Amino acid sequence: MNSVKEFFFKQKINKAMANSKTVPRKTVSFSDARNIGVLFQVNHDLEVKVLKKFIQKLQDSGKNVDVLTFFNSGEVNLYNFNFKFFTDSEIKSFGEIDSEDAQRFIDKNYDYLFFASVEGGLAFDYVLAESKASCRVGISREGKEPFFELMVGANQKELDDMLENMLKVVETIRV
């Protein structure tokens, strides 16, 4: 992403964070949750397998699961999976995202939105900031607190440990 585009994209994220405060955030008991979003970033085939297992576990527990990721243009679908994604070419010059899949994901009222990534990036920050999800769940990272209602231990380095820990914490929620 060029520096001008990045500048405007950061401005959009800041504006989205300010507007995010108007989204009604609440936590529901995980047993009552029906709609789950999973925003993810993977770095190799093994992580794709871990992610698919996590999604299957959610679906087996009766949840409707939507999945979204982001790729830089040269990386598109390296891992040959059938999840929704958007690319940096769909981020316009002034920071707008021109992707129906990303916009549908942002606009859906998920009971929980899991962010499955250790690294993240601007595109993910934007989706998290704009999301209408009731409870956004991610790994604890300094400076990322405004993007989440629930953050879990930052000591996980492997995706499977991170997802398992997030799910364990969320499953204990009783409202």
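Being a predicted model, the structure only gives us computed values, none of them experimental.

Novice: Can you tell me about the pairing of strand E4 (residues 112–116), naming the residues and giving the values?
Specialist: For E4, a buried count of five out of five residues is recorded, marking the element as mostly surrounded by other parts of the structure. A two-sided burial pattern is seen for E4, the buried positions comprising Tyr 112, Phe 114 and Ala 116 on one face and Leu 113 and Phe 115 on the other. Pairing of strand E1 (residues 35–40) with E4, which is carried by five bridges, proceeds in the parallel orientation. Its bridge partner lying in E4, Phe 40 is registered against Ala 116. Alignment of E4 against strand E5 (residues 136–139), held across two bridges, turns out to be parallel. Looking across to E5, one finds that Leu 113 is bridged to Arg 136. Running through helix H4 (residues 122–130), the crossover from E4 to the neighbouring parallel element E5 is right-handed.

Novice: Just give me the short version of the layout of surface pockets, but keep the residues and values in it.
Specialist: Counted as a void, the second largest pocket has a volume near 160 Å³. Together, Val 50, Lys 53, Phe 54, Lys 57, Asp 160, Leu 163, Glu 164 and Leu 167 line the second largest pocket. Of the residues in the lining of the second largest pocket, the class split is four nonpolar, no polar and four charged.

Novice: Which residues make up the sheet that holds strand E6 (residues 150–152), and what values go with them?
Specialist: Remark on secondary structure: sheet strands pair via backbone hydrogen bonds, oriented parallel or antiparallel. Taking strand neighbours across the sheet as the criterion, the six strands line up as E3-E2-E1-E4-E5-E6 in an open arrangement whose pairing is parallel. Two strands in the sheet have a free side with no partner beyond their single neighbour: strand E3 (84–87) and E6. Within this sheet the neighbouring strands show an average axis-to-axis angle of 20°, counted without direction. The strands touched by helix H2 (residues 45–60) within the sheet are E1, strand E2 (64–71) and E4, with E1 carrying the most contacts at an inclination of about 175°.

Rules used throughout
- Residues numbered from 1 in each chain as written.
- Predicted model: local features only at pLDDT ≥ 70, side-chain atom pairs only at ≥ 80, totals over all residues.
- Heavy atoms only, no water.
- Buried < 20%, exposed > 50% of the residue type's maximum accessible area, 1.4 Å probe, protein only.
- Helix = DSSP H or I, 4+ residues; strand = E, 2+ residues; numbered from the N terminus.
- Pairing = 2+ DSSP bridges.
- Right-handed = clockwise from strand over helix to strand, strands pointing away.
- 1 Å grid on protein atoms, 1.4 Å probe; cavity = no way out; pocket = protein on both sides within 12 Å on 5 of 7 lines; lining within 4 Å.
- Points joined across faces, edges and corners; volume = space filled by probe spheres on them.
- Nonpolar A, V, L, I, M, F, W, Y, C, P; charged D, E, K, R; others polar.
- Axes fitted to C-alpha atoms, helices over the stretch in contact; angles between N-to-C directions.
- Contact = heavy atoms within 4.5 Å.

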